[in-house]
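# Chains, contacts and geometry: an overview
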Amino acid sequence: MSEQSVSDKTPSAENAVTEASAAVVAGEKELSNKELKELKKKEKAAKRAAQKEASGITPEQQDQLAQQKMERKKQQQTATNTNLKKQLNQTLIKDASAKKKIPALFSHLETREQRNASSPSISHIVHPAILSLTLKYSNYKIVGSISRLRNMLETFKIVISDYQTPPNTTLTRHLTGHLSHQIEYLKTARPLSVSMGNAIRLLKQEISHISIDTTEQQAKEILNQRIDDLIKEKIDLSDMLIIENASKHVTNGSTILTFGHSHVLENLFKYCVNQQDKKFNLIIVDSRPLFEGKNLLTNLVNTNYSPGTEEDDNSDAESATRKIFKSKPITQDHLKVQYVLINSLSSTILEDVDCVFLGAHAMLSNGRLFSRVGTGLIAMMCHTRNIPVLAFCESIKFSDKVQLDSVTTNELADSGDLIQDIGSKRPPQKKSFALEQFIKQCDEEKAKVTNNLNNKNKQQKQKNNNTDEEISGKDANESLLKNWQDIDNLNILNIMYDLTPPEYIKKVVTELGALPPSSVPVILREYKSA
């Protein structure tokens, strides 16, 4: 009876298959590609139904099996989503009081927690060199657009050297995606600078130009050589040309004001003293919380005076005098340095300034200068007093973007950097994100164990031991801003960059020469055409 039932069911399915195939044959000349695909799908479905009917599965049972498969797929998707949510929740700070309050005007900017939320999904494929570089970026051990760019390119050389192409793939296609994962992890520390984005674009373009026939070792050597050429052309040689062009604006006895720390400006001041034997005054303006101007000050103080070049060392007398001069720092006789904080920058200091030299994070295509916060304030103050302002920027920092304010795109740093050690003059000593979370969890556990009475007694003892001056000073400030998250109408915002209008800038000194800010789009157009 079972064989007869199977034989009775199979002819209907076979007839459906033959009818579908006959329809395909009859309509090959008339039907479109879409209709042919639909007929082929029906033919395959009819064949599957015939096979299942031959094995004794009814159409109702087939529908039940299909529904069960759909439910299993949904369960798998929900399981993966919950695992990702767990990973994301592990990176986020769970303490509700520690969540930062951001005004609605700056709510589109990413916080530190939001940047770290993407790290768990790709952390297993990140190179160890990228991990260490990300930690240095987040701890502000490496600060500055050019220094960040140089360290990133050097790290990419290590990543490319250790890279191995997987089977059944090519280097030109897979390496681009592999580098993209490394770059995404770099973004968790700090957003990419404009120079880093331009260099990444050039590097990916070089990877796409590599032929498929080249071996993996040859491709690695070519890419590492291209990275070395990029560092040499866009950073080293560009800085040398900028220094040669800018040294004409430094005269003997002049007073120059600069803000923060710029690598090219530091080399310019050393070049003017050692190579051109000029004597001038320098005012370094600095601001919290990073105190970048202190790095410029310490580097200039630790630089010894060595006049001339190595080619000029012909006689023994000259070498003897140079040995004597080398023991003296350049700040002793040739460079008089004055260090001022931006909040104490008064009009009396600006009266003696002859020229202002500013570093740049990026130059936008509408001629606006995108640099560290405080640059726009100094440029505006100097513009009202008719003091010329010069911006120093390499061409790799030029951007096609147009921006009218510093709100659209910016970097939002931790608000705690402005509050912690408010009376000190040190940059914030930051820890890794995971270590901060671990310390907070330990502190919470200790707080639960200890009683409130013991805490009150300790606070009273500390108050009795402190002097009146300490209470009116640092402790008073800490007590005001210690629990600022609980104050409803208080928002502390730590913005990294600001925007300077082109009216405040007289010239932009690049490796192509000293040009007005309006010529930035011309340089971008010529740069792209070349």
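Residues numbered from 1 in each chain as written. Predicted model: local features only at pLDDT ≥ 70, side-chain atom pairs only at ≥ 80, totals over all residues. Heavy atoms only, no water.

How we decide: UniProt positions are given in the numbering used here, feature names are shortened, and annotations may be inferred rather than shown by experiment.
In the nomenclature of an unreviewed UniProt entry, the protein is known as Translation initiation factor eIF2B subunit delta of Debaryomyces hansenii. In the Sequence similarities (unreviewed entry) part of its UniProt record, the protein is described as follows: "Belongs to the eIF-2B alpha/beta/delta subunits family." UniProt's Subcellular location (unreviewed entry) comment on the protein is quoted here verbatim: "Cytoplasm, Cytosol".

### Description of the packing of helix α7 (residues 171-186) against helix α8 (residues 194-209)
Note the following rule: Lines fitted to C-alpha atoms define the axes here, with helix axes fitted over just the stretch in contact, and angles between the N-to-C directions of these axes take values from 0 to 180 degrees. Segments assigned H or I by DSSP are reported as helices when at least four residues long, segments assigned E as strands when at least two residues long, and all are numbered from the N terminus. Any angle that falls under 35 degrees is termed roughly parallel, while one over 145 is termed roughly antiparallel, one within 65 to 115 roughly perpendicular, and all others oblique. Take the far helix as the reference: if the near one is turned anticlockwise from it by less than a right angle, the crossing is left-handed, and if turned clockwise, right-handed. Residue contacts are defined here by distance: any two heavy atoms, one from each residue, within 4.5 Å place the two residues in contact.
Their axes nearest at 9 Å, the elements α7 and α8 cross at an angle of 160 degrees. Classified by the interaxial angle, the pair formed by α7 and α8 is roughly antiparallel. Along this stretch, α7 crosses α8, giving a crossing that reads as right-handed. Residues Leu171, Thr172, Leu175, Thr176, Leu179, Ser180 and Ile183 of α7 pack against Ile200, Leu203, Lys204 and Ile207 of α8.

### Things to note about unusual backbone geometry
Basically, it comes down to this: Three labels apply to residues, based on accessible area from a 1.4 Å probe with only protein chains included: buried if under 20% of the type maximum, exposed if over 50%, partly exposed otherwise in between.
Here the amide bond leading from Arg288 into Pro289 is cis, since omega sits at 0 degrees, within 30 degrees of zero. When you line up the elements, Pro289 lands in the loop between β2 (280-286) and α11 (292-301). Positive phi is not limited to glycine here, since Tyr140 has a value of about 60 degrees. By relative accessible area, Tyr140 is classed as buried at 15%.

### Quick notes on the nonpolar core
To keep things clear, this is the line we draw: Definition of nonpolar core: a set of buried residues of the types Ala, Val, Leu, Ile, Met, Phe, Trp, Tyr and Cys, connected through side-chain atoms within 4.5 Å.
Ranked by size, the top nonpolar core spans 33 residues in total, and within it Tyr137, Leu149, Met152, Leu153 and Phe156 carry the most contacts. Every element with two or more residues in this core is listed here: α5 (128-138), α6 (145-162), α7, α8 and α9 (216-246). The leading source of residues in this core is α6, at seven residues. In contact with Leu149, other than residues within four places in its own chain, are Ser195, Met196, Ala199, Ile235 and Ile396.

### With respect to the packing of aromatic side chains
How two aromatic rings sit relative to each other is set out by the distance from centre to centre and by the angle between their planes. Under the convention used in this document: Centre distance within 6.5 Å is the pairing criterion for rings of Phe, Tyr and Trp, where only the six-membered ring of Trp is used; planes under 30 degrees apart are then read as stacked, over 60 as edge-to-face, and the remainder as tilted.
The final tally for this structure, using the stated rule, is three aromatic pairs. Between Phe357 and Phe392, the aromatic rings sit 4.9 Å apart at their centres with planes inclined by 70 degrees, giving edge-to-face as the arrangement. Linking Phe357 in strand β4 (residues 355-359) with Phe392 in strand β7 (residues 389-392), this pair joins segments that are 35 residues apart in sequence. Overall, Phe357 belongs to the buried group, its relative accessible area being 0%. With a relative accessible area of 1%, Phe392 lands in the buried category. Taken together, a centroid distance of 5.2 Å and an interplanar angle of 35 degrees make the contact between Phe370 and Tyr497 tilted. Of the two residues, Phe370 sits in strand β6 (residues 369-372) while Tyr497 sits in strand β10 (residues 497-500), which places them 127 residues apart along the sequence.

### Some words on the environment of Leu257
Among the structural elements, Leu257 can be located in strand β1 (residues 255-259). Judged by relative accessible area, Leu257 falls into the buried class, the value being 0%. In the structure, Leu257 is positioned 28 residues away from Val285 in sequence and 7.3 Å away in space, judged by C-alpha atoms.

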